[in-house]
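Take a look at the letters that make up each chain.
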Amino acid sequence: MRGWPHFRWDTAKIAQKLAAVRNRQGRLTGRMEELGFKLKTEANLEALTEEVTKSSEIEGEVLSRDQVRSSLARRLGVDIGTLTPAERNVEDIVEMTLDATGKYNTPLTSERLFGWHAALFPTGRSGMTKIAVGAWRTEESGPMQVVSGAIGRERVHYEAPKAALLPDEMKAFID
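As a starting point, this report considers the structure included with it. Numbering of residues starts from 1 in every chain and runs along the sequence as written. Local features in this predicted model are restricted to residues whose pLDDT is 70 or higher, and side-chain atom pairs enter the listing and the counts only when it is 80 or higher, whereas totals over whole chains, interfaces and linings include all residues. The side-chain figures draw on all heavy atoms in the structure; neither hydrogens nor water molecules are used.

**What to know about the overall build of the protein chain**
Part 1: Each helix and strand in the protein chain was counted, giving six helices and four strands.
Part 2: Along the protein chain, helices (α) and strands (β) appear in the sequence α-α-α-α-α-β-β-β-β-α when read from the amino end.
Part 3: Scaling as 2.2 N^0.38, a compact globule of 175 residues should have a C-alpha radius of gyration of about 16 Å, whereas the protein chain reaches 20 Å, well beyond that.
Part 4: Summarising its shape, the C-alpha atoms of the protein chain cover approximately 55 × 50 × 35 Å along the three principal directions.
Part 5: Burial classes: relative accessible area under 20% of the type maximum marks a residue as buried, over 50% as exposed, and values in between as partly exposed (1.4 Å probe, protein chains only). Taking all 175 residues of the protein chain together, 19% fall into the buried category.
Part 6: Note on definitions: a residue-residue contact is assigned when non-hydrogen atoms from the two residues lie within 4.5 Å. Counting contacts in the protein chain only where the partners sit at least 6 residues apart, residues at least 24 apart contribute 36% of the total.
Part 7: If you sum the accessible surface of the protein chain, you get close to 13,200 Å²; carbon and sulfur atoms cover 56% of it.
Part 8: Taking the average location of the 25 positive side-chain charges in the protein chain and that of its 25 negative ones, the two points are 6 Å from each other. Only DSSP runs of H or I with at least four residues qualify as helices, and only runs of E with at least two residues qualify as strands; both kinds are numbered from the N terminus onward. Computation of the radius of gyration draws on C-alpha atoms, with the globule rule given as 2.2 Å multiplied by the number of residues to the power 0.38. Accessibility throughout is a Shrake-Rupley quantity obtained with a 1.4 Å probe, and a residue counts as covered only by protein chains that appear here. We score Asp and Glu as negative and Lys and Arg as positive, and we do not count His or the chain ends. Every charge is mapped to an atom, namely NZ of Lys, CZ of Arg, CG of Asp or CD of Glu.

Below, the structure is given as structure tokens:
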């Protein structure tokens, strides 16, 4: 990608859009303050439940909304009445999401990324494919691609950098 990892942008072109977003964010925060602690906690629980379930759907994994909500409520100390027992994969995804969203000031490291990776793929598989969990992929695993379409008529939308470049590229990204 051109300019990687030293991106540049034209502040004048994005300032108006950023100001509009910041204004809406401030209005939303003000409304949240009016709700009171109980309703604010409930709204936070609902937002996180949506975040976890929708993010997983993007990856093709449909999680039980009740399990996600129960796992989040238990971890956040929110009383929602009866809790639905959550499967291990739901607990792991919830833990990863709370780490990523709740500890946003914690420095990003390869170890933290590998921990998220292990939470997402506890079996060491992505579907039927065996993957190296908690490590950068290797050349043996082949290229990482974002693909759509029927078998035999696949369309590659994106191909990630070659595995040999990953340690240096990820260091640049993390730095």
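Read on, since the account is not over.
**Some thoughts on the layout of surface pockets**
Think of a ball as big as a water molecule: rolled over the atoms, this probe shows where empty space is left.
Part 1: In this model, the largest pocket occupies a volume close to 2,100 Å³.
Part 2: Within this scheme a cavity is a closed region of a 1 Å grid, computed over the protein atoms alone, that accommodates a 1.4 Å probe without allowing it to escape, whereas a pocket is open but has protein on both sides within 12 Å along at least five of seven lines; lining residues each have an atom within 4 Å of a point. Taken together, 50 residues make up the lining of the largest pocket; nearest its centre are Glu59, His117, Phe121, Arg137 and Met144.
Part 3: Of all elements in the fold, only α2 (37-58), α4 (88-102), α5 (110-120), β1 (125-126), β2 (129-130), β3 (145-148) and α6 (166-174) reach the threshold of two or more residues within the lining of the largest pocket.
Part 4: It is α5 that provides the largest number of residues to the lining of the largest pocket, a total of six residues.
Part 5: Tallied by class, residues from the lining of the largest pocket come to 29 nonpolar, 14 polar and seven charged. Grid points are joined across faces, edges and corners, and a volume is the space filled by probe spheres set on the points. Side-chain classes follow a simple rule in which Ala, Val, Leu, Ile, Met, Phe, Trp, Tyr, Cys and Pro form the nonpolar group, Asp, Glu, Lys and Arg form the charged group, and the remainder, Gly included, forms the polar group.

**So, the packing of helix α3 (residues 65-76) against α4**
Part 1: Between the N-to-C directions of two axes lies an angle of 0 to 180 degrees, each axis being a line fitted to C-alpha atoms and, for a helix, fitted only over the stretch in contact. It is at 10 Å that the axes of α3 and α4 come closest, and there the two elements cross at 55°. Taken together, the axes of α3 and α4 are oblique relative to one another. Helix-helix and strand crossings are classified by hand; for α3 and α4 the assignment is right-handed. Contact with α3, carried on its side by Gln67, Val68, Ser71, Leu72, Arg74, Arg75 and Leu76, involves Val90, Glu91, Val94, Glu95 and Leu98 of α4 and no other residues of that element. Should an angle fall under 35 degrees it is called roughly parallel, over 145 degrees roughly antiparallel, and 65 to 115 degrees roughly perpendicular, with every other angle called oblique. Left-handed is the label given to a crossing in which the near helix is rotated counterclockwise from the far helix by less than a right angle, and right-handed is the label when the rotation is clockwise.

**Observations regarding the environment of Gln16**
Part 1: One can find Gln16 in helix α1 (residues 11-35).
Part 2: On the basis of relative accessible area, Gln16 is assigned to the exposed category, the value being 66%.
Part 3: Placed 117 residues apart in sequence, Gln16 and Val133 show a C-alpha to C-alpha distance of 42 Å.

**Looking at the pattern of salt bridges**
Part 1: Salt bridge, as used here: a side-chain nitrogen of Lys or Arg that lies within 4 Å of a carboxyl oxygen of Asp or Glu. This structure, assessed with the given rule, holds eleven salt bridges.
Part 2: A salt bridge links Glu42 to Arg69; the shortest N-O distance between them is 3.1 Å. Here Glu42, found in helix α2, pairs with Arg69, found in helix α3; they are 27 residues apart in sequence, far enough to count as distant.
Part 3: By relative accessible area, which is 27% here, Glu42 ends up partly exposed.
Part 4: As a salt-bridge pair, Glu91 and Arg74 come within 2.4 Å of each other at their nearest N and O atoms. Taken together, the residues span a long stretch of sequence, with Glu91 in helix α4 and Arg74 in helix α3 at a distance of 17 residues.
Part 5: Sharing partners across several salt bridges, the network here consists of Glu42, Glu46, Glu50, Arg65 and Arg69.

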